[in-house]
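Remarks on the overall topology
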Amino acid sequence: MSEAMDIKPDAQVKSARAETILYVDGVSVTFDGFRALNNLSFYVEPGELRAIIGPNGAGKTTMMDIITGKTRPDTGDVLFKSETDLTKLDEADIANLGIGRKFQKPTVFESHTVFDNLLLACSGGRGVFKALFHRLSSAEKIKIEKTLITIMLDEKRDELAANLSHGQKQWLEIGMLLMQEPELLLVDEPVAGMTDSETEETAKLLRTIAKEYSVVVVEHDMEFVRDLDCKVTVLHEGSVLAEGRLDHVQKDPRVIEVYLGR
Amino acid sequence: MTDYSQKYQMTPVVGWLLKDRGGMILLTILIAAAILVPIGNLLVPETSSFHVPTWMLSLLGKYLCYALLALSVDLIWGFCGILSLGHGAFFALGGYAMGMYLMRQIGDRGVYGNPELPDFMVFLNWTELPWYWYGFDMFWFAIVMAMFVPGLLAFVFGFLAFRSRVTGVYLSIITQAMTYALLLAFFRNDMGFGGNNGLTDFKDLLGYSLQSDGTRAGLFVASCVFLGICYIVARGITQSRLGKVLIAIRDAESRVRFTGYRVEYYKLFVFTISAVMAGIAGALYVPQVGIINPGEFAPALSIEIVIWVAVGGRGTLYGAVLGAFIVNYAKTFFTGVMPDFWLFFLGGLFIAVTLLLPKGVIGAVPAFGAPDRQSILSSMRKRLSAGGKA
Amino acid sequence: MRNDMFSVLRRSPFSITQTRRFAVRICGMVACLMMFAVVSPNVAQAFSDEELRNIAEQLNDKSSTKQVAIIEEMAADGDPRVAPILKAMLEGDLYVRDSDEHVVIATKKGKVYTHIDIISGEEAGESSSKELDKIKVNNRLRGALRDALATLNLFSPDHAVRTAAVEQIMDARDPAMLPLLLRAIEREDDETLLARMNLARATMALAAGENAEERLAAIDVLASETTPQIRAVLSQFVASAEAEGIEPEVVTAAQDALDDVEGRLSNWQTLGDVYRGISLGSVLLLAAVGLAITFGVMGVINMAHGEMIMIGAYTTFVVQQILSSVLPSGSPWSLIIAVPAAFLVAGMIGVVIERCVIRFLYGRPLETLLATWGVSLVLQQATRTIFGATNQQVTAPDFMSGAIEFSTGLVLTYNRLWIILFSLIVVAGIACVLRYTAFGLQMRAVTQNRRMAGSVGIRTGYVDALTFGLGSGIAGIAGVALSQISNVSPNLGQTYIIDSFMVVVFGGVGNLWGTVLGAFSLGIVNKFLEPFAGAVLAKIFVLIALILFIQKRPKGLFALKGRAVEA
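Residues numbered from 1 in each chain as written. Chains lettered and ligands numbered in written order. Predicted model: local features only at pLDDT ≥ 70, side-chain atom pairs only at ≥ 80, totals over all residues.

Along the backbone of chain B there are 17 helices and 4 strands. Per-residue burial for chain B yields a buried fraction of 48% across its 390 residues. Pairs at least 24 apart in sequence give 76% of the contacts found in chain B among residues at least 6 apart. (Helix = DSSP H or I, 4+ residues; strand = E, 2+ residues; numbered from the N terminus. Buried ≥ 20, exposed ≤ 12 C-beta atoms within 10 Å, placed from the backbone. Contact = placed C-beta atoms within 7 Å.)

This part takes up the overall build of chain A. Looking only at helices and strands, one finds 12 helices and 10 strands in chain A. Against the compact-globule benchmark of 18 Å for 262 residues, chain A has a radius of gyration of 19 Å, which places it among compact chains. Reported as C-alpha extents along the three principal axes, the dimensions of chain A are approximately 55 × 40 × 35 Å. Per-residue burial for chain A yields a buried fraction of 46% across its 262 residues. (Rg over C-alpha atoms; globule rule 2.2 N^0.38 Å.)

Looking now at the environment of Val149(B). Residue and element names in this part refer to chain B. Relative to the elements of secondary structure, Val149 occurs in helix H7 (residues 139–163). Along the backbone, Val149 and Val276 are 127 residues apart, and their C-alpha atoms lie at a distance of 8.2 Å. If sequence neighbours within four positions are ignored, Val149 has contacts with Leu93, Ala97 and Gly279.

Our focus in this paragraph is the nonpolar core. Leu68(B), Ala70(B), Leu71(B) and Val306(B) are the most contacted members of the largest nonpolar core, which has 284 residues in total. Grouped together as the second largest cluster of nonpolar side chains are 57 residues, Ala88(C), Ala148(C), Ala184(C) and Ala254(C) included. (Core = buried A, V, L, I, M, F, W, Y, C linked by C-beta atoms within 7 Å.)

Let us now look at the pairing of strand S3 (residues 112–117) of chain C. Residue and element names in this part refer to chain C. Where strand S2 (residues 103–109) meets S3, 6 bridges bridge the pair, whose relative direction is antiparallel. Counterpart to Thr107 in the pairing with S3 is Thr114. Taking the residues between adjacent antiparallel strands as the criterion, S2 and S3 are bridged by 2 residues, where Gly110 takes a positive phi near 65 degrees. Inspection of the sheet shows S3 paired to strand S4 (residues 123–127) by 3 bridges, in the antiparallel sense. Across the sheet, residue Thr114 finds its bridge partner in S4, namely Glu126. The turn joining S3 and S4, which pair antiparallel and follow one another in sequence, is formed by 5 residues; a positive phi near 75 degrees is taken by Gly121. (Pairing = 2+ DSSP bridges.)

Residue and element names in this part refer to chain C. Reading across from one edge, S4-S3-S2-S1-S5 is the order of the 5 strands in this open sheet, with antiparallel pairing throughout. Whereas interior strands pair on both sides, the edge strands pair on one side only; in this sheet they are S4 and strand S5 (132–134). Pairs of neighbouring strands in the sheet enclose a mean axial angle of 40 degrees, with direction left out of account. Alignment of strand S1 (residues 94–97) against S5, held across 3 bridges, turns out to be antiparallel. Paired with Tyr95 across the bridge in S5 is Lys134. (Axes fitted to C-alpha atoms, helices over the stretch in contact; angles between N-to-C directions.)

On to the interface of chain C and chain B. A common way to state how big an interface is: give the accessible area lost once the parts meet. Facing the 39 residues of chain C at the interface are 44 residues of chain B. Elements with a minimum of two residues in the side of chain C that touches chain B: helix H15 (365–387), helix H20 (492–507) and helix H22 (535–552) of chain C. Here the side of chain C that touches chain B takes 14 residues from H15(C), the largest share from any one element. Residue classes in the side of chain C that touches chain B are distributed as 27 nonpolar, 7 polar and 5 charged. (Nonpolar A, V, L, I, M, F, W, Y, C, P; charged D, E, K, R; others polar.)

With that settled, consider the sheet that holds strand S5 (residues 84–85) of chain A. All names here are of chain A. Here we have 4 strands laid out as an open sheet, ordered S2-S1-S4-S5, and antiparallel in their pairing. The outermost strands of the open sheet, each flanked by one partner alone, are strand S2 (34–44) and S5. Direction of pairing for strand S4 (residues 75–80) relative to S5: antiparallel, over a ladder of 2 bridges. Residue pairing in the sheet places Phe80 in a bridge with Thr84 of S5.

The next subject is the packing of helix H8 (residues 168–187) of chain B against H15(C). Across the interface, H8(B) lies against H15(C) with an axial gap of 9 Å and an inter-helix angle of 45 degrees. Of the possible angle classes, the one that applies to H8(B) and H15(C) is oblique. Contact residues: H8(B) offers Gly168(B), Val169(B) and Ser172(B), while H15(C) offers Pro365(C), Leu366(C) and Leu369(C). (Parallel < 35°, antiparallel > 145°, perpendicular 65-115°, else oblique.)

Before going further, it helps to spend a moment on H15(C). Residue and element names in this part refer to chain C. Between its first and last C-alpha, H15 extends 32 Å over 23 residues, near the 33 Å set by a 1.5 Å rise per residue. For H15, the buried fraction is high: 18 of the 23 residues fall into the buried class. Of the residues trailing H15, Gly388 is marked for its positive phi of about 85 degrees. (Expected span 1.5 Å × (residues − 1).)

Attention now moves to helix H3 (residues 21–42) of chain B. For H3(B), which comprises 22 residues, the first-to-last C-alpha distance of 32 Å matches the rise-based estimate of 32 Å (1.5 Å per residue) to within 8%. For H3(B), every residue scored as buried is listed here: Gly23(B), Leu26(B), Leu30(B), Ala34(B), Pro38(B) and Asn41(B).

Once that is clear, we can look at the confidence of the model for chain B. All names here are of chain B. When pLDDT is averaged along chain B, the result is 84; 90% of the residues meet or exceed 70. Helix H12 (residues 263–289) holds the highest mean pLDDT among the elements of chain B, 94, whereas helix H1 (residues 4–9) holds the lowest, 44. Confidence over residues 1–10 falls short of pLDDT 50; this stretch has 7 contacts with residues more than four positions distant or in other chains. Note on residues 386–390: pLDDT under 50 across the span, and 12 contacts to partners over four residues away in sequence or across chains. Our summary of model confidence lists the complex with pTM equal to 0.78 and ipTM equal to 0.84. (pLDDT = per-residue confidence, 0-100.)

Time to look at the packing of helix H16 (residues 414–436) of chain C against helix H19 (residues 460–482) of chain C. All names here are of chain C. At a minimum axis distance of 11 Å, the contact between H16 and H19 shows a crossing angle of 170 degrees. Looking at the two axes, H16 sits roughly antiparallel to H19. In this structure, H16 contributes Ile419, Phe422, Val426 and Ile430 to the contact, and H19 contributes Ile474, Ile477 and Ala481. Taken together, the residues of the contact of H16 with H19 break down into 7 nonpolar, no polar and no charged.

Moving on, we get to the environment of Pro84(C). All names here are of chain C. Tracing the backbone shows Pro84 in helix H5 (residues 82–90). Pro84 gets classed as partly exposed once you count the C-beta atoms within 10 Å, which come to 17. Placed 350 residues apart in sequence, Pro84 and Leu434 show a C-alpha to C-alpha distance of 70 Å.

So, about the confidence of the model for chain A. Confidence in the prediction of chain A, expressed as mean pLDDT, is 80, and 92% of residues score 70 or more. Confidence drops under pLDDT 50 across residues 1–14 of chain A; counting only partners more than four residues distant or on other chains, this segment forms 20 contacts.

Turning our eyes to something else, we now look at unusual backbone geometry. Positive phi, close to 45 degrees, is recorded for Glu237(A), a residue that is not glycine. Within the secondary structure layout, Glu237(A) lies in the loop between strand S9 (231–236) and strand S10 (239–245). Residue class for Glu237(A) comes out partly exposed when judged on the 16 C-beta atoms lying within 10 Å of it. We note that Leu206(B) has phi near 55 degrees; this positive angle belongs to a residue other than glycine. By the element assignment, Leu206(B) lies in the loop between strand S2 (204–205) and strand S3 (208–209). Given 10 C-beta atoms within a 10 Å radius, Leu206(B) is considered exposed.

All names here are of chain A. The buried fraction of strand S3 (residues 49–53) amounts to 5 of the 5 residues, a majority that puts the element mostly inside the structure. Alternating positions in S3 separate into two faces, Leu49, Ala51 and Ile53 on one and Arg50 and Ile52 on the other, with burial throughout. In the sheet, S3 pairs with strand S8 (residues 214–218) via 4 bridges, with the strands oriented parallel. Residue pairing for S8: Ile52 is matched across the bridge by Val218. Pairing between S3 and S9: 4 bridges, direction parallel. Residue pairing across strands places Arg50 opposite Lys231, the latter belonging to S9.

Bringing the environment of Leu85(B) into the picture now. Residue and element names in this part refer to chain B. With respect to the element layout, Leu85 can be found in the loop between helix H4 (54–80) and helix H5 (87–106). Counting along the chain gives 25 residues from Leu85 to Leu60, while the straight-line C-alpha distance between them is 25 Å. Non-local contacts of Leu85, meaning those with residues more than four positions away in its chain, are made with Ser172, Thr175, Gln176, Pro299, Ser302, Ile303 and Val306.

The structure is reproduced here in structure tokens:
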């Protein structure tokens, strides 16, 4: 905890607050006595691509849960675009604010076609009655077509999502996030279980996306993180252990200890 | 199935209805039945082999009400994954609303001859009509209540349950608790709904005697019409973007949430609509069977509805209708021929359908079958290997 | 229990009336000598033979007012010889003999009446009916006789008769009996009975007391007691006090005493509610604990759980039938043998169900629910076909019949006490199996990570089957206990299944302690509501409360938190 403070002193965080898209300060959460997050603080600037790494149990997924409103923190602030307090909102509100989340396990609507998956993710019309009387507009159709090409699934548009390969499901899920037109994308282990070529494609995809959106990627795979070529935050036991370029972080003795010393 | 511009820009209702093969068959049968069965009953002489006896007309009318009830369950279970084990409660509430109207229609023809109070209230030495019986002397009011009361209960119950994200078996168990609580409540004489005996000895509906063949035929036609209308409404819902959201909720609820949909509102909407349909089914059922009592709230009956849906084929709507007919015909058959075997059969059906026919009878017909057409064996093998905790 | 030494003294010619009281007082003082005493039929004679004969003859007076006075006089001194006379009079067996004008008890044997002397109680000749004049009794006399007999029982040598007499006096609260009661108090040497008599005296003194002091003293005595009867006495007194012009300080004291008694009684009432709640809770616990394993540990919704309970109950019935020829009735053995038998039978059926149905449905709880519901229907109908639809009689062994009763109105029946104990033993047993055995370890391993458990060599299918068998077997054991308090019929299981689910859901899935707490709290809440709302409404309230509770805590009282659970 004190180590985290050294790297990112409070004052610095606060001064940075003005121009952040995501601002996490002093967040702690406990599950039945287990401290999953311990005074976690970091921020992401608009348009930034950020990788978050850390060993198992470092609190990566819990952090995602808190940002997206699935879990409420015991203490701490989570601000979106320096003004909206995310800890007060639920998942749907947060999604509609413009934060998209991709799960660790690919989660798509298996009984729907690829096209319908994207249609459902398409921004706007979240109300019940709007959905009941919704008709597909040409603008929406064009948007879906565009995304189908971005995620390399144009060929599979009429296929049921259940019949896609693991990697394709991951892409579809990323595509669904794009359809939401988020300002911030949270991506949890996008390349888990992917082949090497798929991994490369995915890195390319994320880099493309990062040109338009702010993206936070949680990942184990060091090669993939290197491919992303971005700032890295290392989590350990619920706090930030180190932050910086990957090369720099990898030389940090504490990071080495956490990764190799056990 | 390839041209999306066509698929999504077609004139709404007629467009998807024409594409819905099972639905078209169902609606055709319903229209044919609504015309031919009453003719066969009222106009064809009894000596003719085409004559439809009145008992059969009533029986079919009863099945139609069950079919509507099954449809309402399929709408939430098949399309939204909400397994309600308390839908009998909405059915019974609709039935009681209609029963109250029919009670008031008896007027002074009851045993005690009280023009205001139903017999059971006179028997309990009540002197005044309870406030909640006001208005039930008007047919339109009873009909509105038959839909409003189940709808309101579903809305309140659903609001509480879905808002706090009670899902899966937990939801099933509390719906069961709900109908059980209502069962106990309606057994009480103090409730003012006739207690144990319920409401019965009805005389007439809108001035037409319930005993006459004409009235019965009219009720039969009404059942066909309402089943048809509710089918179209349900199909319309499932075809819309809302329907796609419902299916998405069934398959991956949290994904839907993170996509920005308020899952609880969607569930609440479809749950309430479904309860209203169940209420309508109950209201049509009571004049045709001539009685409504607390037994309709029994949790066991509510579970039975689910098996109608499962037998026919979950998530197809017309499958639910088919299932209701198959199971209830079997019930009529067994209770008539060998009553001891009915529970063996019903129990076996529950087991066999869940194990061997997860898509129901409809799923076994290739023309309506699942897109991946798995054989029973391979699907069982798949399930075995997928065995484990979800 | 009178002392023999003094009965000798009393028989000495000069002493009889004069020394009577003295003797009795000494009698009380040397009560410790009682253990040497032999019960003597000849007790505390208040009348000399002559006196008794004279007074008895007056029973034949023409005026019934006089007769009543005589009866009261005879009864008033507590002479044991009086009771048979009055009893005979009440039954119309008391006659005046023409020959010597003596009063005799006569019983008809054939055509002849046998006379019994009222003094000695021995036969004294016989005669035809012509030589006897019956002493006639009317309703007024009958009433007086009955009252007199009741008070006379206060002096009966039989402890039980005296106890009954005191209770009767307590109920009647007739101030006219006060003198007699006082006399009885002087003679009584049994502590508990003496306390009851004093209490009875206080109830009378309250109503008939001469002055405020007497009444206050009576109130003091009454306030120390805690029974519904005393509450009735006091509240009656307070209610009518004003009309009767009782002193205000007495009324205040009585009101205070009443509040005291009511306060203590309501504590007892609460205690009784808690006990009944715990009793219901233990039944719920027994019914639900097997479910806590199949639902909580395996995630399987077993709607046939109630039928496993039913099978356990029927196993008890069958075991009892088989052993009834060998064992005496009331023997505990058939029940003791039924416990393992029910466990095995229900457990084996559970294993069969798991292997044939449930193993294909893991991870699909809603389908499991439907399939097991089907199983439950089949089992119910099978039982109905084999045993018939009517209730079967399971007899209770001796150690389970009877009850502990408190004067405050609390009754603890032994069968309920045993069931409470039994449920706790069963839960403790399960906790031990889960925690300390290899099977428990494997079971928890499979629950937490099936694939991992499989790859370290645990036969997961085998563990599944045994776990389900364990859950079902426990339901069978529950059936043994429940056969003692419910009707053993094919519908037995249905009465428990919804409640069992409520308990498990309320307590929190996968948590044995949650189930225990859930069962007992549901039981207690139910029983606390019952006095206000009645049994059915209480149940409805509990169901509604549970539905609302689940909104607040969708995963029950003791839900596991964290993200692993939701994966």
